[in-house]
Amino acid sequence: MKKIALITGATSGIGEACARKFAEGGYNLILTGRNAEKLEALKSQFEANGTEVLLLVFDVRNREKAAAALDSMEERWRHVDVLINNAGLALGLEKEFEGSFEDWETMIDTNIKGLLTMTRLVVPGMVEQGYGHVINIGSVAGDAAYAGGNVYCATKAAVKTITDGLRIDLADTPIRVTNVKPGLVETNFSRVRFHGDDERADNVYRGIKPLTGNDIADVCLYAAQAPAHVQIAEVLVLATHQANGSIIYRES
């Protein structure tokens, strides 16, 4: 029987890349997101290649809808092997004392509370069945703050400590927990951060060859496919010319 990977924020970027990579790796997929049309398009593509797909349309910020969606699953979908907590975003790059309350709330509710919601809803089933793997998509931004990153960096620092705490809590079980921390990845991330300003978003990747969603998906699949006694606890993945969250060499 095929394993099952549940991926949040699966309609674009790292989430979509993970869906494709895990499908290629022989997994069936539970894909979640807010955009039903995009999810349906992905489902059609995957099923044409023999991957079974269950779609759950909800926003991870809405705990009640998330719980209702998971409760609606048939029994055969309830045995999740891998949970990839990918849904997340950055909004704005203002100084902290000039930031948007709305942007802060959206980041905190998605990046921290949404991840906690999915963990709380899925991991008890993993403990009961005696197998499973949680992969949280963190960020290099969680290692140290950078200019304008303030609240976003704080949310990804929270992802690190939440991931570490979960690993401690699950140490007496076979469940593995991984924090994957990407640096610059060229996805829709920067367009979301700058509220659709394409020019400003494109400048983020100027002069450097950034990572792609596929690069991060490769790491996630590697961690999931490691032998059962091997726990890839944390992986920092950077573009070759990126040293940390703020030091980047750009060719002119």
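Keep in mind that what you see is a predicted model, and the values were worked out from it rather than measured. (Residues numbered from 1 in each chain as written. Predicted model: local features only at pLDDT ≥ 70, side-chain atom pairs only at ≥ 80, totals over all residues. Heavy atoms only, no water.)

**Student:** Sorry, what's going on with the pairing of strand β1 (residues 4-7) here?
**Tutor:** Residues in a regular strand project their side chains so that they alternate between the two faces of the sheet. Side chains I4 and L6 project from β1 onto one buried face, and the interleaved A5 and I7 project onto a second face that is buried too. Considered for its hand, the β-α-β crossover made up of β1, helix α1 (residues 13-24) and strand β2 (residues 28-33) is right-handed. Bridge analysis of β1 against strand β4 (residues 82-85) gives three bridges, and the strand direction is parallel. Across the sheet, residue A5 finds its bridge partner in β4, namely V82. (Buried < 20%, exposed > 50% of the residue type's maximum accessible area, 1.4 Å probe, protein only. Helix = DSSP H or I, 4+ residues; strand = E, 2+ residues; numbered from the N terminus. Right-handed = clockwise from strand over helix to strand, strands pointing away. Pairing = 2+ DSSP bridges.)

**Student:** Mind showing me how you'd approach the side chain of N136 here?
**Tutor:** Here N136 is to be found in strand β5 (residues 133-137). Assessed through its relative accessible area of 1%, N136 is described here as buried. Sequence-distant contacts of N136, defined by excluding residues within four places in its chain, comprise N85, L115, V159, T163, T178, N179 and V180. (Contact = heavy atoms within 4.5 Å.)

**Student:** I keep staring at the pairing of β2 and nothing clicks. Help me out?
**Tutor:** Counted residue by residue, β2 has six buried out of six residues, so it is predominantly covered. What you see with β2 is no split at all: N28, I30 and T32 on one side and L29, L31 and G33 on the other are buried throughout. Alignment of β2 against strand β3 (residues 53-57), held across five bridges, turns out to be parallel. Note on β3: the bridge partner recorded for L31 is L55.

**Student:** Even after reading the chapter, I still don't get the environment of A87, so can you show me in this structure?
**Tutor:** Mapping A87 onto the fold places it in the loop between β4 and α4 (101-129). Linking A87 and A10, residues 77 residues apart in sequence, is a C-alpha distance of 7.6 Å. Excluding residues within four positions of it along the chain, A87 makes contact with T8, G9, V60 and T110.

**Student:** Just to check I follow, could you spell out the nonpolar core for this structure?
**Tutor:** In summary, soluble globular proteins display a tendency toward joint burial of nonpolar side chains. F22, L29, L31 and I216 are the most contacted members of the largest nonpolar core, which totals 39 residues. Ranked by residue count, the leading element in this core is helix α8 (residues 213-225), at seven residues. Ignoring any residue separated from it by four or fewer positions in sequence, one finds F22 in contact with A5, Y27, L29, V82, I84, C220, L221 and A224. Membership of the second largest hydrophobic core comes to 24 residues, among which are I30, A66, L70 and L170. (Core = buried A, V, L, I, M, F, W, Y, C linked by side-chain atoms within 4.5 Å.)

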